[in-house]
Amino acid sequence: MTITNGPVLVRRNAFAAPLSRILVYVLLIAIAIAALVPLYVMIVTAFKSMEEIRSGTLLSLPHAFSFEHWHKAWNSACTGLRCEGLKVGFVNSFLITIPSVFLAIAVGAVTGYTLSFWRVRFANVLFTVMLIGGFFPYQVLIYPLVRITSTIGLFNSLAGVIFVHVVFALPVVTLLFRNYFASIPIDLFKAARIDGAGYWRIFFSILLPMSVPMIAVAGILQVTFIWNDYIVGLVFGGINYAPMTVQLNNIVHSTYGEREYNVEMAATLLTSVVPLLVYFTSGRWFVRGVASGAVKG
Amino acid sequence: MTGVQLRNLAIRYGSVEVLKGINLEIPASEFIVLLGPSGCGKSTLLNAIAGLQDVAEGQILIGEQDMTDVEPKNRGIAMVFQSYALYPRMSVRGNLSFGLKVAKVAKPEIEKRVAHVAKMLQIEPLLDRKPAELSGGQRQRVAIGRAVVRDAGVFLFDEPLSNLDAQLRSDLRVEIKRLHQRLRSTMIYVTHDQIEAMTLADRIVVMKDRIIQQQGTPDEIYNRPANTFVARFVGSPAMNFLDGTISGGDAIVDGQAVPIAAGLSAPLADGRKVIVGVRPEDVTIHADAPGSGLAADIDVVEPMGPEKLVWCKRGEIGLSVKAPSSATVRSGDRVRLGFAEQKLHIFDTETGKRIQ
Amino acid sequence: MTGVQLRNLAIRYGSVEVLKGINLEIPASEFIVLLGPSGCGKSTLLNAIAGLQDVAEGQILIGEQDMTDVEPKNRGIAMVFQSYALYPRMSVRGNLSFGLKVAKVAKPEIEKRVAHVAKMLQIEPLLDRKPAELSGGQRQRVAIGRAVVRDAGVFLFDEPLSNLDAQLRSDLRVEIKRLHQRLRSTMIYVTHDQIEAMTLADRIVVMKDRIIQQQGTPDEIYNRPANTFVARFVGSPAMNFLDGTISGGDAIVDGQAVPIAAGLSAPLADGRKVIVGVRPEDVTIHADAPGSGLAADIDVVEPMGPEKLVWCKRGEIGLSVKAPSSATVRSGDRVRLGFAEQKLHIFDTETGKRIQ
Amino acid sequence: MFVRSPSSSRLQATLTLVPVAFVVLSVYVGGVLWAAGISFTRSSMLPNYRFAGFTQYINLFSNARWQVSLGNMALFAVIFIPVTLLIGYSMAAMINRGVRGENALRTIYLYPFAMSFIVTGLVWRWLLDPNFGIADVARKLGFENASFDWIVNADMALFTIVIAAVWHSCGLVMVVLLAGLRGVDDDLWKAIRIEGIPAWKAHLFIIMPSIGASIATALVLMSLTVVRMFDVVVAMTGGGPGIATDVPAKFIIDHMFERQQVGLASAAATTLLLLVLVIAVPLLYLKSRRKGAAQ
Amino acid sequence: QEVKGEVIHQWTSAAESAGVKVLAQKFTELGGTWVDNAISGGPNARSTAVNRVVGGNPPAAMLFNTGAQFVELQNNGLLRDLTETAKADKWQDKLPAALLNSGMVDGEYWALPISGNGANWFWFNKSILDKIGVAKPKNWDEVFAAFDKAKAAGITPFTPSGEPRWQRLMFNAVVLSVAGRETYDAVIYKRDASAVRGEKFKAAVKIFEKLRDYSDSGTPGRSWPDSTNLVISGKALMTQGGTWLNGAFAAAGKTAGKDYECAIINADQGMVISGDVFLFPEPKNAAMTKAQDLLLKAFADVPTQTAFAVANGTIPILKGADTSKLNPCIAEASRFFNDPKLSTGSDQMMFSPAIVGAVEDAITRFSTKGGLTAEQFIEAYAKGLSAS
Ligand SMILES: Nc1ncnc2c1ncn2[C@@H]1O[C@H](COP(=O)(O)OP(=O)(O)OP(=O)(O)O)[C@@H](O)[C@H]1O
Ligand SMILES: Nc1ncnc2c1ncn2[C@@H]1O[C@H](COP(=O)(O)OP(=O)(O)OP(=O)(O)O)[C@@H](O)[C@H]1O
Ligand SMILES: [Mg+2]
Ligand SMILES: [Mg+2]
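Residues numbered from 1 in each chain as written. Chains lettered and ligands numbered in written order. Predicted model: local features only at pLDDT ≥ 70, side-chain atom pairs only at ≥ 80, totals over all residues. Heavy atoms only, no water.

Chain D has the name Glucose/mannose transport system permease protein in an unreviewed UniProt entry, where Rhizobium rhizoryzae is given as its organism. UniProt lists a comment for chain D under the heading Subcellular location (unreviewed entry), and it reads "Cell membrane". (UniProt positions renumbered as here; feature names shortened; annotations may be inferred.)

Chain B appears in an unreviewed UniProt entry as Multiple sugar transport system ATP-binding protein from Rhizobium rhizoryzae. Quoted verbatim from the Sequence similarities (unreviewed entry) field of the UniProt record, the comment on chain B reads "Belongs to the ABC transporter superfamily." Checking UniProt for chain B, the heading Subcellular location (unreviewed entry) contains the comment "Cell inner membrane".

## What to know about the overall build of chain B
A count of helical and extended segments in chain B gives nine helices and 20 strands. Principal axes of the C-alpha set define a box for chain B whose edges measure 75 × 45 × 35 Å. Sorting the 356 residues of chain B into buried and exposed places 59% on the buried side. Counting every atom, chain B has about 13600 Å² of accessible surface; 48% of that belongs to carbon and sulfur. (Helix = DSSP H or I, 4+ residues; strand = E, 2+ residues; numbered from the N terminus. Buried < 20%, exposed > 50% of the residue type's maximum accessible area, 1.4 Å probe, protein only. Areas by Shrake-Rupley, 256 points an atom, 1.4 Å probe, with all protein chains shown as cover.)

## Things to note about the sheet that holds strand 6 (residues 77-80) of chain B
Backbone-to-backbone hydrogen bonds pair the strands of a sheet. The strands run either parallel or antiparallel. Residue and element names in this part refer to chain B. Taken together, six strands build an open sheet; the order of strands is 6-7-8-3-9-10 and the sheet is mixed. What marks the edges here is a single partner per strand, and that holds for strand 6 and strand 10 (211-216). Across the sheet, the axes of successive neighbouring strands diverge by a mean angle of 15 degrees, strand direction being ignored. With four bridges joining them, strand 3 (residues 31-35) and strand 8 (residues 186-190) adopt parallel strand pairing. In the strand pairing of strand 8, Leu 34 is matched with Val 190. Together, strand 3, strand 6, strand 7 (154-158), strand 8 and strand 9 (203-208) form the strand contacts of helix 1 (residues 42-50), whose direction differs from that of strand 7 by roughly 155 degrees. Contacts between helix 5 (residues 166-183) and the sheet are confined to strand 3, strand 7 and strand 8, with strand 8 contributing the most and set at about 160 degrees to the helix. (Pairing = 2+ DSSP bridges. Axes fitted to C-alpha atoms, helices over the stretch in contact; angles between N-to-C directions. Contact = heavy atoms within 4.5 Å.)

## What about helix 1 (residues 8-38) of chain D?
Here helix 1 of chain D spans 43 Å end to end across 31 residues, near enough to the 45 Å set by a 1.5 Å rise per residue. Along helix 1 of chain D, the sharpest kink reaches roughly 30 degrees, centred on Val 18 of chain D and followed within four residues by the proline Pro 19 of chain D. (Expected span 1.5 Å × (residues − 1). Bend = angle between axes of the 7 residues up to and from the residue.)

## Digging into a negative patch on the surface
Taken together, the side chains of Asp 81, Glu 84, Asp 106, Glu 108 and Glu 282 of chain E make up a negatively charged region of the molecular surface. Its place among the elements puts Asp 106 of chain E in the loop between strand 4 (104-105) and strand 5 (108-109). (Patch = residues over 30% accessible without salt bridge, like charges linked within 9 Å, V, L, I, M, F, W, Y side chains within 5 Å. Salt bridge = Lys/Arg side-chain N within 4 Å of Asp/Glu carboxyl O. Lys, Arg positive; Asp, Glu negative; His and termini not counted. Charge placed at Lys NZ, Arg CZ, Asp CG, Glu CD.)

## Focus on the state of the cysteines
Here a disulfide denotes a covalent bond joining the sulfur atom of one cysteine to the sulfur atom of another. Residue and element names in this part refer to chain E. Scanning the entire structure with this criterion turns up one disulfide over all chains. Covalently, Cys 262 is tied to Cys 329 through a disulfide, its sulfur atoms 1.9 Å apart. Its torsion about the S-S bond being -105 degrees, the disulfide of Cys 262 and Cys 329 is classed as left-handed. Highlighted residues: Cys 262 in strand 10 (residues 260-263) and Cys 329 in helix 16 (residues 328-337), separated in sequence by 67 residues. For Cys 262, a relative accessible area of 8% gives the class buried. (Disulfide = S-S within 2.5 Å.)

## Considerations on the coordination of the magnesium ion (ligand 4)
At the metal site, the magnesium ion (ligand 4) is ligated by Ser 43 of chain C (OG) and Gln 82 of chain C (OE1), and these contacts range over 1.9 to 2.2 Å. Of the two residues, Ser 43 of chain C sits in helix 1 (residues 42-50) while Gln 82 of chain C sits in the loop between strand 6 (77-80) and helix 2 (92-102), which places them 39 residues apart along the sequence. (Donors = N, O, S within 2.8 Å, 3.2 Å for Na, K, Ca; no water.)

## Brief notes about the UniProt feature "domain: ABC transporter" (unreviewed entry) in chain B
What UniProt calls "domain: ABC transporter" (unreviewed entry) maps, in this numbering, to residues 4-234 of chain B. A distance of 25 Å separates the end C-alpha atoms of residues 4-234 of chain B, which is 36% helix and 26% strand.

## A word on the site of ligand 2
Lining the immediate surroundings of ligand 2 are 22 residues, of which Ser 38, Ser 43 and Thr 44 of chain B together with Arg 129 and Gly 137 of chain C lie closest. Each of chains B, C and D places residues next to ligand 2. Tyr 13 of chain B has a polar side-chain atom sitting 3.5 Å from a nitrogen atom of ligand 2. Between Ser 38 of chain B and ligand 2, the recorded distance is 2.6 Å, taken from a side-chain N or O atom to an oxygen atom. Taking 640 Å² as the accessible area of ligand 2 by itself, protein coverage stands at 88%. Those elements that place two or more of their residues in the shell around ligand 2 are helix 1 of chain B together with helix 4 (136-148) of chain C. In the shell around ligand 2, the residues fall into six nonpolar, twelve polar and four charged. (Near = heavy atom within 4 Å. Polar contact = N/O pair within 3.5 Å; in protein donor to acceptor, adjacent residues only side chain to side chain. Nonpolar A, V, L, I, M, F, W, Y, C, P; charged D, E, K, R; others polar.)

## Re the site of ligand 1
Neighbouring residues of ligand 1: 20 residues in total, closest Arg 129 and Gly 137 of chain B together with Ser 38, Ser 43 and Thr 44 of chain C. At the site occupied by ligand 1, the surrounding residues belong to chains B and C. Gln 138 of chain B has a polar side-chain atom sitting 2.7 Å from an oxygen atom of ligand 1. Here an oxygen atom of ligand 1 sits 3.3 Å away from a polar atom, N or O, in the side chain of His 192 of chain C. Protein contacts shield 86% of the accessible area of ligand 1, which totals 640 Å² for the unbound molecule.

## Quick notes on the interface of chain A and chain E
In this assembly, 34 residues from chain A lie in contact with 42 residues from chain E. Of the roughly 3000 Å² buried between chain A and chain E, counting both surfaces, carbon and sulfur atoms make up 56%. Inspection of the region where chain A meets chain E yields zero salt bridges. Across the contact surface, chain A and chain E share eight residue pairs in polar contact (both at pLDDT 80 or more). Breaking the side of chain A that touches chain E down by element, the ones donating at least two residues are helix 2 (50-54), helix 6 (138-151), helix 11 (231-237) and helix 12 (244-252) of chain A. Per element, the largest residue contribution to the side of chain A that touches chain E is five residues, and it comes from helix 6 of chain A. A breakdown of the residues in the side of chain A that touches chain E according to their chemical character gives 16 nonpolar, 13 polar and five charged. (Buried area = accessible area lost by both parts, 1.4 Å probe.)

## Remarks on the packing of helix 4 (residues 90-117) of chain A against helix 10 (residues 212-228) of chain A
Residues and elements named next belong to chain A. In contact at an axis separation of 9 Å, helix 4 and helix 10 are set at 145 degrees when each is read in the N-to-C sense. As for the relative orientation of helix 4 and helix 10, their crossing is right-handed in sense. Of the residues in helix 10, those touching helix 4 at Phe 90, Ser 93, Phe 94, Ile 96, Thr 97, Ser 100, Val 101, Ala 104 and Ile 105 are Ile 215, Ala 218, Gly 219, Gln 222, Val 223, Ile 226 and Trp 227. Its residues assigned to classes, the contact of helix 4 with helix 10 comprises eleven nonpolar, five polar and no charged. (Left-handed = near helix turned anticlockwise from the far one by under 90°.)

## As for the pairing of strand 20 (residues 345-348) of chain B
All names here are of chain B. Both faces of strand 20 are covered, namely the face carrying His 345 and Phe 347 and the face carrying Ile 346 and Asp 348. As judged from the four bridges shared by strand 14 (residues 273-278) and strand 20, these two strands associate in the antiparallel manner. In the sheet register, Val 276 faces strand 20, and the bridge partner there is Ile 346.

## Structural notes on the packing of helix 5 (residues 123-133) of chain A against helix 1 of chain D
Contact geometry of helix 5 of chain A with helix 1 of chain D gives a least axis separation of 10 Å together with a crossing angle of 40 degrees. In terms of orientation, helix 5 of chain A and helix 1 of chain D fall into the oblique class. At the point where helix 5 of chain A passes helix 1 of chain D, the crossing takes the left-handed sense. Contacts between helix 5 of chain A and helix 1 of chain D involve Ala 123, Leu 126, Val 129, Met 130 and Gly 133 of chain A from the former and Leu 17, Val 20, Ala 21, Val 24, Tyr 28 and Val 29 of chain D from the latter. Split into classes, the residues belonging to the contact of helix 5 of chain A with helix 1 of chain D amount to ten nonpolar, one polar and no charged. (Parallel < 35°, antiparallel > 145°, perpendicular 65-115°, else oblique.)

## Let's talk about unusual backbone geometry
The phi torsion at Asn 8 of chain B lies on the positive side, around 55 degrees, for a residue other than glycine. Mapped onto the fold, Asn 8 of chain B is located in strand 1 (residues 4-13). Among the residues examined, Asn 8 of chain B registers a relative accessible area of 42% and is labelled partly exposed. For Arg 184 of chain C, which is not glycine, the phi dihedral falls at a positive 55 degrees. Structurally, Arg 184 of chain C can be placed in the loop between helix 5 (166-183) and strand 8 (186-190).

Rendered as structure tokens:
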């Protein structure tokens, strides 16, 4: 494994690229190809007819490209009484994902900030409990959460789903931010306090702008979790707020039905478009040297 | 205007005591310079005054009020950090105006003050850059600007000029002095630069080994150092020390008598072991002639522009001498050194304390 | 041993040209000091020599070989960074020894060298601490140690002593000088400290405005500055400048004749506008008596330990004078200033260049 | 962190933590205590609260599936975490050099994470199928004797799950570490390059320790993946062949929902949490001690 | 006023959707508004439904498997007692007793059966049968003879699904056919451990083991549609599965008797039936009661139920259904279904889910090469019968 030392300057003479650099590209591309094999299989399968899939040539290109299965997955696959495909839950997925991700990151970032910069009594106990709680199989928590949300009147409402998502996201997002803030020079925090900035001001004006890479990571993580979530939406959303994954599952998983792999693949790929877009656009948030120039030494 | 008082302050990092029993009275509007070897706790003390460092024992009073447990922002202070601590995602302008914005100063007023400070610190062309795009000295100027732009009652400076070029340094030194005269704020200033200490300070505080060694006007510190540590620490090159024994008003050093002014030698009993201190500028170099001073060999001669630094040797003893650059001395010459009788400093050999 | 040559070097940040047409020949074993105002590109230049900064144009030769595109590690250099850049999670010992370990130096040898450097830098008690637990000056010493511990052919120092106290600074200055004499490595040293520059340098390079203004021995730079910038920049307090017009071998300044040594005034035509420069130590203060020099009022007197800095005023003109601390001058006194004829510097008013 | 008694800002800090603390306590502590309580009953589909002693725990530990599950989790963790960390870090380090097409590469590495295992598990099944998966492709390419039957081999099936899980998680680990690497000061890289420290040493001894917090984050995320591992197993092997690839989360979920053995599932979940505690607490203790020493 | 009836069910495949449509249409005709809540996977659908009930927002009706799954809900008073409706609508005349009984507790009706399946069917590729020159096997000797011939011809003899639940299904099929109805009923209905340890059961275990040895290496973990595909595409001779496999053959455009054959081995021992029931949570209000009443009416309507079964590919469960439109395999299954002597309940109908799970674990471990030996398996199975 060759990893060469960090940020490299662009050479004047592009042809003088050191061997190690070529090696890096070779490795990166090799890994990318390896990572892409399953995706390739999914895509070609989504274009194949069932006939062709049954014939078992996994890696071969389809005889003919037809968008029929994609169309079916989106528009007309049966998911129960309705045969309207995936699109049914699309809006719900947005309604759930956007506020949940936003709130989860907001709450987690503030909590992480408080834990790493402010000395609050029992804060570390709280964090430890939260983190260890994160390891508890969350399926086991569903029953108590059903009781809790129904007691506070959030059961089977959009707010209920969002609440549960935020609760489940809290340990991980808090961890991300707490650890991230721990690496920021403490003198910055001190300087801001001298400047008269209070609790919120320090957070919003100084630390948040420095956290963009971590916001991107937390966003990637939570968008994926929440967009792909099935159980929480199903149980806590009730029929009105069932996310797209419910349809996806209905297309993919049926105990007694025959399976149309091409439609399943198309459906899966269609469902993952949103997270993929998020990944791609998060690029510019991965800025280099967020704290550069802040302190000496 | 607000004075600062430290009462019996002690500060610990974990179990390590960094400062103890610090008592310091800083009258309002005084300009105080903290001097001390690296690691003696100067930054720590500034942090404590600012409220950024937990105090283990004692009290901090600012403007007569006990501020030991008060929020930094309510102490009415401004501070320049040794590590700069610039806000990395803000432009220079943002860095300068942040504190004012927080304090809800009106926009035109902010602009005015920022413009003024930027001009004073010669960072106007840099206002829209990010800290990462600045040179070391430029960063430091921004850090200074951030403190100066606020009209605080107490200013804390942690080695504000250390990365600047000589010219800018002397310009800023004058600027800070002027700022002090204009604002009459109390200023607490850490530096390693003798000239800064001497020219800026109303009073200098010399620290070492967790405690304050001496405090006094620059003149007192320079001319009447309380112990060998202070004597050696203040003044560059450092004071020369000679081990001697008192004999009839003279000090016998390495077998040769060094005359001491009568006023100084009065309290000294014959046979007492002392350390005789003499500053390089109080030594004169004569041609080698018997009887007229301490014989020594010239080791190294360092030209320093307006003058020469001459390092002499007499056996084990090393002595530095400041000579005019016109002096004709060469490495290897044998010379005689004369000491200004009145300017000698006598310390007790055991305790290192000044005798008088 | 390895010399360094810079040929027509230009460096850009994006579209901003920071350095251009830099030509510099550093013979092997020379000790070169870079001087220049903050932000003039000294760090950038060091980075380029080290191979850490991309070069837009020109060549860098180290030991006769073109190293412009060679990896830093293959250039045989050691460097002290202005921002320290210590390895954060390694102890001080780890910071010092890591490079040697990597270079597969034998263990006892590593220990010996680390011990030696730690002793020299007075960081022995800190060897097991992490950088975060050190004071500013302590960090700086570790950073110096990390470079010194490696026996490199070329050493690059970026303001290595700026955070140290005066005593340690002068100790280390001597230590670095000694290191240079022992190793005979080429050393390129950025500093703002006049004394460091004067005492350490074989040659000083003064930079400004993207180019090299003058290079020469400390003596040349101090005594024969090539232009007003260099003249003002080197020396503290800065050289005084007086606008004058030549008339019969004298310079007429503010209506009063200032005599110039014959050697200096020889090439000057009558009526030519010049700038007359005089260093503060070349000015003497006399009691006010008609005809005997430039009349002026004393503005401020700054005690500086061994001497006094006297700021005088004559109308718009400000003049600084270094007087012995025994001089009895007080703010407000009217005095006459005399100039050492031989020590005057004459510059062209238009170009600012030295005339001769 | 630096002031002893409450100030407005600190009060604010405390106040913002209170709701979080409330939710954490009620959901996590409350939920865990509830589950622990239920584990001492014979609850089947719905919880009941009649105390039944340690019956469920006795059943649990005499259950072969549970034993196999725990063993699998341990083995999985031991392979999955180091491998993913190594690959993820290497990718982050390489991308951090500033390569062309960084966005595209990052998205490619990360995409597996976006896909639910319901279907990608199936694709992996196909790829690893001894008859028409990559083994078949290899045969068609002329390697007549190529055979790859790990997925149907009880001794090897777990490793196929490791492969898929690594594929799934590498991108995430890379992104977390990349965010950490992006915070490393440029001057540090310069110092490393000057000293000529070989890449792997620089990463291992200097860069990795200075992004320790990010690595800790990645480790926690990976540990969470290990403890919660469920989808990938269900989709690829269904826990099989036999029970060879069963894992605790699957055991718990199966018994919780399909088998209506809430009591047993709670006992299993409680046991799992205790195991996590046994491993985590000494680590946390060590960490906090080190921090204390540093101050 | 709109009578909304939300129904939670797991019918999500194309055929199942068609079936739901039939039910929904009838409900609509009766004046209700069908609110469809389809959730794939039985456990998912059931636990979601239970959570909805517990959370105080129950659906009007929810689909469970026939069997003991609902008992605890009934114990906790969360279900509506259907006795009155059942009596009024004469359920005992309309439904096979085995099915009906599984929805009763202490003589009260708590569940309405809605669909039926036969579970112990074996499916053959007709062209392979023709190629190796054997007729559709009727007993195990014929099966193994056919296997050997297929093997000789280079064709995989047997490709069962490797998922635990289908392995269990297959095991039950083998037990019924080899050990006979008496032993089967003793195990399933009485949970008789001594029957498990008996010789007949052991003989069944041996056959199951032998079948395992004839199945291909790709078996573990394979889903039933994949297994079935292998038979459909002519790569394998036989697979095992319930009547629902018929749908997969049909969807691939295959015709029973021409392209494929279905058979119960040792058919005189009868068919294992399974199915789904609707449960009706205790209503929250009058509107919900009304909706449930209408739903009950729709579900128990003979033509509707028959149309549902046809669309769904399951067996019509109400007596008097018109079976003429059924596919030959389903028609045959229907014959078994309606004859009490030729039908018996599945383990899922009689066992609690915990026992089903325990037994399933034993079976799947036995199905794996290198797993349990026959003796160990029998002990594990016997022990599993007392799981809770
Ligand atoms: N990353 C950057 N992007 C743009 N401009 C930069 C960047 N880094 C430095 N500069 C500019 O380049 C110039 C030279 O910087 P450099 O750090 O070399 O100065 P310097 O001579 O070392 O100053 P100092 O004595 O203050 O350290 C400065 O004006 C600085 O603002
Ligand atoms: N976080 C810390 N943990 C442990 N010891 C520390 C810590 N910070 C500082 N110290 C130690 O406390 C002492 C005082 O540090 P401080 O930074 O106040 O010194 P200083 O006088 O400002 O030095 P300098 O002039 O070098 O900046 C030093 O010896 C330092 O090593
Ligand atoms: Mg300090
Ligand atoms: Mg610099």
